Amino acid sequence: MRHVELDALIPGEQAEKVLHAVRRWERYPDLAPHVNATTVHAAYPDPAASSSWELHFRSGLLRWTEDDTVLPEQGEIRFEQSDGDFDSFSGTWSVTQDGDDVAVRFDADFDFGIPSLEGILDPIAERVIKETVAWALTGLFPAVRISGGIELTPPAAVGA
């Protein structure tokens, strides 16, 4: 199982506004070049919220459908794959007020279920997931500061 994490700080924002902006999955194809398509089947406040995703991955598309749980009182969005290309994929977006700023943390765990290819597929998937989150946050909040020295791949080169 591979773990992905990304931390960001959004200056001068409110946590509730950031949480509700992040959960707008239908915007991600316009925000993040790795995202080919998203379909929102049901959205918050529906307790059965779910979405389907297609990400450019290697020379094809990585697809999955996830169940999404938005917990505004806890500043969290939890997701878990219900169907798709991963053997398992789940994680959390955490949004907390930090003085005048908002701290965002994205955590996810995934497994393709193909041990013989994990050395090849896992690092690529980790990069694509991290870059997707970073691009989305940058598109939503241009002043965001992404931790960990991630460098976003120019949009013309995202098919990798």
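Quantities reported herein were computed from a predicted structural model and do not represent experimental measurements.

**Student:** Can you explain the overall build of the chain? Please cite residues and give values.
**Tutor:** The secondary structure content of the chain amounts to three helices and eight strands. Secondary structure elements of the chain occur, N-terminal to C-terminal, as β-α-α-β-β-β-β-β-β-α-β. The C-alpha atoms of the chain give a radius of gyration of 15 Å, which matches the 15 Å a tight globule of 160 residues would have. If you line up the chain on its principal axes, its C-alpha atoms span 45 × 35 × 25 Å. Buried residues in the chain amount to 44% of all 160 residues. Considering only intrachain contacts with a sequence separation of at least 6, the fraction spanning at least 24 residues in the chain is 51%. As displayed, the chain offers around 7,800 Å² of accessible surface, 48% of which is attributable to carbon and sulfur atoms. Here the chain holds 12 positive side-chain charges and 28 negative ones, and the gap between their average locations is 5 Å.

**Student:** Now, about the pattern of salt bridges: what can you tell me, with residues and values included?
**Tutor:** Where charged atoms from two side chains of opposite charge approach closely, those side chains can pair. If you walk through the whole model with that rule in mind, you get 10 salt bridges. We note a salt bridge from Arg105 to Asp7, for which the minimum N-O separation is 2.8 Å. Placement of Arg105 in strand S7 (residues 101-111) and of Asp7 in strand S1 (residues 2-10) is noted, with a sequence separation of 98 residues between them. In this structure, the salt-bridge partner of Lys130 is Glu126, at a minimum N-O distance of 3.8 Å. Of this pair, Lys130 and Glu126 both sit in helix H3 (residues 118-140), four residues apart, which is roughly one turn of that helix. Judged by relative accessible area, Lys130 falls into the partly exposed class, the value being 26%. Overall, the relative accessible area of 17% leaves Glu126 in the buried class. One connected set of salt bridges, linked through shared partners, spans Glu5, Asp7, Arg105 and Asp107.

**Student:** Talk me through the environment of Glu54; I want residue IDs and the actual numbers.
**Tutor:** One can find Glu54 in strand S3 (residues 50-57). Exposure remark for Glu54: the relative accessible area of 21% places this residue in the partly exposed category. Considering only alpha carbons, one finds Glu54 and Pro33, 21 residues apart in sequence, at a separation of 11 Å. Ignoring sequence-local partners within four residues, the contact set of Glu54 consists of His34, Val35, Asn36, Ala37, Leu61, Leu62 and Arg63. At 2.7 Å, the side chain of Glu54 forms a polar contact with the side chain of Asn36.

Scoring rules and cut-offs
Residues numbered from 1 in each chain as written. Predicted model: local features only at pLDDT ≥ 70, side-chain atom pairs only at ≥ 80, totals over all residues. Heavy atoms only, no water. Helix = DSSP H or I, 4+ residues; strand = E, 2+ residues; numbered from the N terminus. Rg over C-alpha atoms; globule rule 2.2 N^0.38 Å. Buried < 20%, exposed > 50% of the residue type's maximum accessible area, 1.4 Å probe, protein only. Contact = heavy atoms within 4.5 Å. Areas by Shrake-Rupley, 256 points an atom, 1.4 Å probe, with all protein chains shown as cover. Lys, Arg positive; Asp, Glu negative; His and termini not counted. Charge placed at Lys NZ, Arg CZ, Asp CG, Glu CD. Salt bridge = Lys/Arg side-chain N within 4 Å of Asp/Glu carboxyl O. Polar contact = N/O pair within 3.5 Å; in protein donor to acceptor, adjacent residues only side chain to side chain.

Read these as geometric descriptors, not functional statements.
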